[in-house]
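Read off the chains here:
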Amino acid sequence: MHRIWWKILAAVLVIYTSIAGLLLEVPRLAILNETIRNLYFHVPMWFAMVVLFTISVWYSVRSLSTQSEADDIRAVESANAGIIFGILGIVTGAVWAKFTWGQFWSFDPKQNFAAISLLLYFAYFVLRNAIDEEQKRAKIAAIYNIFAFPMMVVLLFVLPRLQDSLHPGNGGNPGFNSYDLDSRMRMVFYPACLGWILVGYWVYTLRFRTKILENKQL
């Protein structure tokens, strides 16, 4: 039981926030209206992605010193899980943009830099697939990952704040804390963030265990 409690918690939180996020009352804000419910889904996807990429770069650093195949697999599989949540973040953001900004993709700085961030990690997988020798692949991919992570942080959290942006919290546009983000929404938003992060970690552990089993069968 002590090994699965966090999985049970993840399932409970995601179910709770999915139901509460669709049914509980939300503030009536101009332009946003009911679309503000997407806050419970869009933002947690990005949080989960960042956590998973942090795990990935940690194991990339470890793999350079340990030369461990397991560390290399952990690095790549956590990045794989992170990409999944990054894509979900882009998609939920585009849907939200359609109803608030009028189009799915308006080439807003936040959208553009988010897309470039994902491309950085797609390039990570392309690089790995281009190298056949295992130790060389692990080393070069780890070095790339160590440089890609801070670039992702800058692209997502620094550069958008320096330019005019429609996205809340960027380019002088106030974040949701400046709006009427009341206790009703916080009761759903914070559990949603934790729940989706745990689900992302769960996906990563499943991918890691599957890859280890595949390697043992070779």
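Residues numbered from 1 in each chain as written. Predicted model: local features only at pLDDT ≥ 70, side-chain atom pairs only at ≥ 80, totals over all residues. Heavy atoms only, no water.

As annotated in an unreviewed UniProt entry, the chain is Heme exporter protein C from Pedobacter xixiisoli. The UniProt entry for the chain carries the following comment under Subcellular location (unreviewed entry): "Membrane". As its UniProt record puts it under Sequence similarities (unreviewed entry), the chain is described as follows: "Belongs to the CcmC/CycZ/HelC family." (UniProt positions renumbered as here; feature names shortened; annotations may be inferred.)

Colleague: Help me understand the overall build of the chain in this model?
Modeller: Helix and strand content of the chain: six helices and zero strands. Mapped in sequence order, the helices and strands of the chain form the string α-α-α-α-α-α. Taking 17 Å as the expected radius of gyration for a compact globule of 218 residues, we find that the chain reaches 19 Å, a close match to that expectation. Considering only C-alpha atoms, the chain reaches an extent of 55 × 45 × 25 Å along its principal axes. With 218 residues in all, the chain has 45% of them scored as buried. Long-range contacts, defined as pairs at least 24 residues apart, comprise 73% of the intrachain contacts of the chain with a sequence gap of at least 6. Counting every atom, the chain has about 11800 Å² of accessible surface; 68% of that belongs to carbon and sulfur. The averaged location of the 14 negative side-chain charges in the chain is 4 Å from the averaged location of its 19 positive side-chain charges. (Helix = DSSP H or I, 4+ residues; strand = E, 2+ residues; numbered from the N terminus. Rg over C-alpha atoms; globule rule 2.2 N^0.38 Å. Buried < 20%, exposed > 50% of the residue type's maximum accessible area, 1.4 Å probe, protein only. Contact = heavy atoms within 4.5 Å. Areas by Shrake-Rupley, 256 points an atom, 1.4 Å probe, with all protein chains shown as cover. Lys, Arg positive; Asp, Glu negative; His and termini not counted. Charge placed at Lys NZ, Arg CZ, Asp CG, Glu CD.)

Colleague: Hey, could you run me through the packing of helix α4 (residues 109–129) against helix α5 (residues 134–157) in this one?
Modeller: How two helices pack is summed up by the angle between their axes together with the distance between the axes. Where α4 meets α5, the closest approach of the two axes is 9 Å, and the angle between their N-to-C directions is 180 degrees. One finds that α4 runs roughly antiparallel with respect to α5. For the pair α4 and α5, the contacting residues are K110, F113, A114, I116, S117, L120, Y121, A123, Y124, L127 and R128 in the first and R137, I140, A141, Y144, N145, A148, F149, M151, M152, L155 and L156 in the second. A class-by-class count of the residues in the contact of α4 with α5 yields 17 nonpolar, two polar and three charged. (Axes fitted to C-alpha atoms, helices over the stretch in contact; angles between N-to-C directions. Parallel < 35°, antiparallel > 145°, perpendicular 65-115°, else oblique. Nonpolar A, V, L, I, M, F, W, Y, C, P; charged D, E, K, R; others polar.)

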